[in-house]
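An overview of the molecular structure
Listed below are the residues making up each chain.
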Amino acid sequence: MTRRILMAIAGLLLAGAIWIGARGAGPVPPLAALLDPVRGAWSAASLGSFPDSGAAEVPGLSGPVEVRYDLRLVPHIFATTDEDAARAMGYVVARDRLFQLELQARAGGGTLTELVGAVALPADVETRELGLTRTAERNYALYRDSTAGRLAVAYAQGVNAFIDGLTVAEIPVEYKLLNRRPVRWDPINVFYMQGRMGYTLAYGGGEFERIAAEALVGRAASRALFPLTAPIQEPIQPTGSAEPRLDVQPIPAAGTMDSAAAAVISLLPRSPWANDPESRPSLASNNWAVSPQRSKSGYAMLAGDPHLELTLPSIWYEVHVSVPGVRDVYGAAIVGLPGLPIGFSRDIAWSMTNTGADVLDWYRETVDDAGAPSRYLLDEVWQDLEKREEIYLDPRGAVLRTDTIRFSHRGPLRRRGAEWLSMRWTVNDPSDAITAFLVAAQETTAGGFLDRFAERYRTPAQNAIAADRQGNIGIRSTGAYPIRPDDGDGLSIRDGTTRASDWQGYWPVQQYAQSLNPAQGYVASANQQPIDPASGARYQGPERDFDPWRALQINKLLRANDQVTLDDMRRYQTDPGSERVQYFLPYFTRAVSSGRTGGSVSPQLNSADSVLAAWDGRYTVGNSAAVLFEAAMTQLSRLTWDELIPPGDSVRVATPTASILWVLLHDSASAWWDVRGTPSVEDRDAVLRDALERAWVSTSTRHGNASAEGWRWGRVAPSRVSHLLRLNGFSRSIPVSGGRGTLNPSAGSGHGASWRMVVELGPRVRAMAIYPGGQSGNPASPKYGDRLRFWQNGDLELLNFPVAIDSMAVQQIQSRLTLRPAPLASGSGGS
């Protein structure tokens, strides 16, 4: 490594030390210690590359395991049992991602403060208050003697074998910046990680936002602004229609504010995205599969790209696991979990998207003591609350905080003002996602995969898609969907004094959104409403959790192509086209035109109209109009929904989605267009013109002249891929095509396509994939961010899927690792 690179690393490490010290994460080592070539952070520079070969002992192995790293640093694990494969997987993940393993497990267990200090206290408190730590403990106890428990123990044995063999120099740089050492991995961490994914993908439902909106504008208006069903229907389960179904209904005018509204609103939690719901992190995803009848090759094909937080290193770890006669699978593993949520075998390929289902309800409990309750009333009988003491420690072991968390039979209680609310949440139910993925991946058909997966999988609810070598394609919304009393929705706070308010069970699989080999020749999901409500489907979630725009775009692309190639599948994943633009842009254009007729168009508005008129509506890196359009959409929402701002406040309690705003555009004289605080009465076109003119002024003020480089989309809205500790020197800012409403919503965000994969299931499987980062978690490694350039450009890399260890050519192998059995330490419990 050159002197220049070493000096750059030294500067980054010093910056990291300053960052951590400023946040009270614990004692920062002195500069001399940081630069020590063996014990200090400097040592990361000398450990960036793997040796040509190596060997290690792992307790619990039943026999040797061979690992071959290919040129992309992907480990190909050849084991003789599933548990040995899990041990090897734990070892190689720890070898590449040790700090990430601990950080993510602590996030799931609510002990981040013990690693990084008091700065993480709010996150730890929320994790424990939601019951996630308790649930993980219960799941581990429940499944300890099952497949999931055995794999968790085996994975831990692999992680700990690597930790036990670490030299001081090999300890990852983040530990040295934090002045900490790695802790041994406990099998329960696997269940902490499982709960963390539930928190990421299944927490929320919109109850509080809707209650606050109803207090401000009345029940009729709030139900229209925050409806149960989406007005734009392009559902996951095909309807047989070649076009989306549009349901435009008038939106009632705002009613009179309830006299108790201010008191109610002040007690409700305010979403950080209440003012702009489209700015919520894009924890979304795309997947689709094409039948042989619509593919140029005559083989079934599948594409999947989950949209999650973009981090360095990535949430995903690419791996190939081969256990002869049992499984031979390749794909993306979540760091800390022994399985492949997305991947392929020799026979099938599969992927997931989030359903957006409402799987959380709140109950108003009657307690014996509002200050410190110990009992709650249920069917006229006082029941004891379970109490759990939670102690939060800092890195030195000092107590930061002590809490008592209470649980009813439904789940954890939280205090809101003078009231106590309990929470019922599927994520706190028993769940064995590990075995669900393991068993489903052994199937050889798409239908078999979907059936086996649905039998075991519960949470977080996912849209599972599959394709096979026989040419079958299928999709099913899978998980646990509660049946509520009277088959009602989940958007009200229920009476907790009676069991009659409790869930009545879960949907049967037959009622899930699903399709196997539909006549249209493809299946697709992109977080839209799973089943068209016109078919009489049950409530699955509110409209605010279903985004139609990406679904419209991928269905449009697939309908237009009956000769889809693998490269088409790749290109679609980053297609910069936006149906959202197509639905809104004509209204801006017509409003300006009508203003010219009335003689009320300013030079700024004319300039704005000219920029948008020259735009093709695509979010390419170099275009200058997307910045203006997004600013106009923000201004349009701000001007339109001012009725949702409480008196004396400046922030809306909630904001309707862009789909509802589009519905309102059909009523040019609606009372919602009138802007409060102005002497005139505005109509739709006046507000559209005002929004566009304000957008021009604000964009010009912020970014300069429209013809200059300052308006370039890639410059204004880059994608941010951040280091786990948010260290700028270890993070990346990347200009990418795409944006809100496009199939690649990564632009202007730290969330987006965390893994992209396309698979063609012919006689020999062909697969390509990428994720934003690299296999190594060491910032000094050439494999830390080597894939970013491919991800940025929408390119994928061809994956090496050898049928046996001896089929890997010498030139394809970067490193060899042999893992051998070692005796278990007495009383270690395998962890």
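Analysis parameters
- Residues numbered from 1 in each chain as written.
- Predicted model: local features only at pLDDT ≥ 70, side-chain atom pairs only at ≥ 80, totals over all residues.
- Heavy atoms only, no water.
- Helix = DSSP H or I, 4+ residues; strand = E, 2+ residues; numbered from the N terminus.
- Rg over C-alpha atoms; globule rule 2.2 N^0.38 Å.
- Buried < 20%, exposed > 50% of the residue type's maximum accessible area, 1.4 Å probe, protein only.
- Contact = heavy atoms within 4.5 Å.
- Areas by Shrake-Rupley, 256 points an atom, 1.4 Å probe, with all protein chains shown as cover.
- Lys, Arg positive; Asp, Glu negative; His and termini not counted.
- Charge placed at Lys NZ, Arg CZ, Asp CG, Glu CD.
- Pairing = 2+ DSSP bridges.
- Expected span 1.5 Å × (residues − 1).
- Bend = angle between axes of the 7 residues up to and from the residue.
- Polar contact = N/O pair within 3.5 Å; in protein donor to acceptor, adjacent residues only side chain to side chain.
- Core = buried A, V, L, I, M, F, W, Y, C linked by side-chain atoms within 4.5 Å.
- pLDDT = per-residue confidence, 0-100.
- Phe/Tyr/Trp six-rings, centres within 6.5 Å; stacked < 30°, edge-to-face > 60°.
- Lys NZ or Arg CZ within 6 Å of the ring centre and 35° of its normal.
- Salt bridge = Lys/Arg side-chain N within 4 Å of Asp/Glu carboxyl O.
- Axes fitted to C-alpha atoms, helices over the stretch in contact; angles between N-to-C directions.
- Parallel < 35°, antiparallel > 145°, perpendicular 65-115°, else oblique.
- Left-handed = near helix turned anticlockwise from the far one by under 90°.
- Nonpolar A, V, L, I, M, F, W, Y, C, P; charged D, E, K, R; others polar.

**Some words on the overall build of the chain**
In terms of helices and strands, the chain carries 23 helices and 31 strands. On C-alpha atoms alone, the chain measures out to a radius of gyration of 27 Å, which is about the 28 Å that the 2.2 N^0.38 rule sets for 831 residues. With the principal axes as the frame, the chain shows a C-alpha extent of 80 × 65 × 60 Å. Taking all 831 residues of the chain together, 60% fall into the buried category. Long-range contacts, defined here as pairs at least 24 residues apart, represent 72% of the contacts in the chain between residues at least 6 apart. Within the structure as shown, the chain displays about 30800 Å² of accessible surface, and the carbon and sulfur contribution to it stands at 51%. Considering the chain, the positive charge centre built from 82 side chains and the negative charge centre built from 87 side chains are found 5 Å apart.

**Focus on the sheet that holds strand S22 (residues 494-495)**
Taken in spatial order, the four strands of this open sheet run S18-S19-S13-S22, and their pairing is mixed. This sheet does not close on itself; its edge strands, each paired only once, are strand S18 (413-416) and S22. In terms of strand pairing, strand S13 (residues 360-365) meets S22 through two bridges, oriented parallel. By the bridge assignment for S22, Tyr363 is matched with Arg494.

**Points about the pairing of strand S31 (residues 813-822)**
Here seven bridges tie strand S1 (residues 53-59) to S31, and the two strands are oriented parallel to one another. The partner of Pro59 across the bridge, within S31, is Ala822.

**Some points on the sheet that holds strand S8 (residues 311-312)**
The three strands are arranged S8-S25-S26 in an open sheet whose pairing can be described as mixed. Two strands close off the open sheet at either side, each with one partner strand: S8 and strand S26 (732-734). When S8 meets strand S25 (residues 719-723), the two strands line up parallel, connected through two bridges. Of the residues in S25, the one forming a bridge with Thr311 is Ser722.

**A few points about helix H17 (residues 579-598)**
Here H17 spans 30 Å end to end across 20 residues, near enough to the 28 Å set by a 1.5 Å rise per residue. Of all the bends in H17, the greatest, near 25 degrees, is centred on Leu585, and the proline Pro586 appears no more than four residues after it. Buried within H17 are the following residues: Glu579, Arg580, Val581, Tyr583, Phe584, Leu585, Tyr587, Phe588, Ala591, Val592 and Gly595. Capping the start of H17, Ser578 holds a side-chain oxygen 3.3 Å from the backbone nitrogen of Arg580, two or three residues further along. Downstream of H17 by one or two residues, Gly599 has phi in the positive range, about 70 degrees.

**Describing the nonpolar core**
Among the nonpolar cores identified, the biggest contains 223 residues, and Phe344, Phe449, Phe584 and Phe629 are the most heavily contacted of them. Ranked by the residues each element gives to this core, the list is headed by helix H3 (residues 82-109), at 14 residues. Formed by six residues, the second largest nonpolar core is a distinct cluster that contains Val367, Leu378, Leu385 and Leu413.

**Thoughts on the confidence of the model for the chain**
Chain-level statistics for the chain give a pLDDT mean of 91 and a share of 91% at 70 or above. Confidence over residues 1-26 falls short of pLDDT 50; this stretch has 42 contacts with residues more than four positions distant or in other chains.

**Quick look at the packing of aromatic side chains**
In the structure shown here, the tally under the stated rule is 29 aromatic pairs. Where Trp350 meets Phe449, the ring centres are 5.4 Å apart and the plane angle is 25 degrees; that geometry is what we call stacked. Here the residue Trp350 occupies a position in strand S12 (residues 348-354), and Phe449 occupies one in helix H14 (residues 446-456), the gap between them amounting to 99 residues. Each member of the pair, Trp350 as well as Phe449, is classed as buried. The ring of Tyr506 has Arg458 sitting right over it, with the charged end atom 4.7 Å from the ring centre. Above the plane of the ring of Tyr587 lies Arg590, whose end atom (NZ or CZ) is 4.7 Å from the centre.

**Remarks on the pattern of salt bridges**
For the structure on display, the rule yields 54 salt bridges. Linking Arg128 and Glu390 is a salt bridge whose minimum nitrogen-to-oxygen distance equals 3.0 Å. Linking Arg128 in helix H5 (residues 121-129) with Glu390 in strand S16 (residues 386-393), this pair joins segments that are 262 residues apart in sequence. A single salt-bridge network, built from bridges that share partners, covers Asp567, Asp568, Arg570, Arg571 and Asp795.

**Considerations on the pairing of strand S29 (residues 766-770)**
Among the five residues that make up S29, four are buried, leaving the element largely enclosed by the rest of the structure. Here five bridges tie strand S28 (residues 756-760) to S29, and the two strands are oriented antiparallel to one another. Note on S29: the bridge partner recorded for Arg756 is Ile770. Count of turn residues in the S28/S29 antiparallel hairpin: five residues. Where S29 lies against strand S30 (residues 797-798), two bridges are found, and the strand directions are antiparallel. When the sheet's bridge partners are listed, Met768 is paired in S30 with Leu798.

**Considerations on the packing of helix H19 (residues 626-640) against helix H21 (residues 684-703)**
Relative orientation and spacing of two packed helices are given, respectively, by the angle between their axes and the distance between those axes. The N-to-C vectors of H19 and H21 enclose an angle of 130 degrees; their axes lie 8 Å apart at closest approach. Comparing their axes, H21 and H19 come out oblique. Of the two elements, H19 crosses H21, and the hand of that crossing is right-handed. Here H19 contributes Val627, Leu628, Ala631, Ala632, Gln635, Leu636, Arg638, Leu639 and Thr640 to the contact with H21, which in turn contributes Val687, Leu688, Asp690, Ala691, Leu692, Arg694, Ala695, Trp696, Ser698, Thr699 and His703. Residues of the contact of H19 with H21, tallied by class, amount to 12 nonpolar, five polar and three charged.

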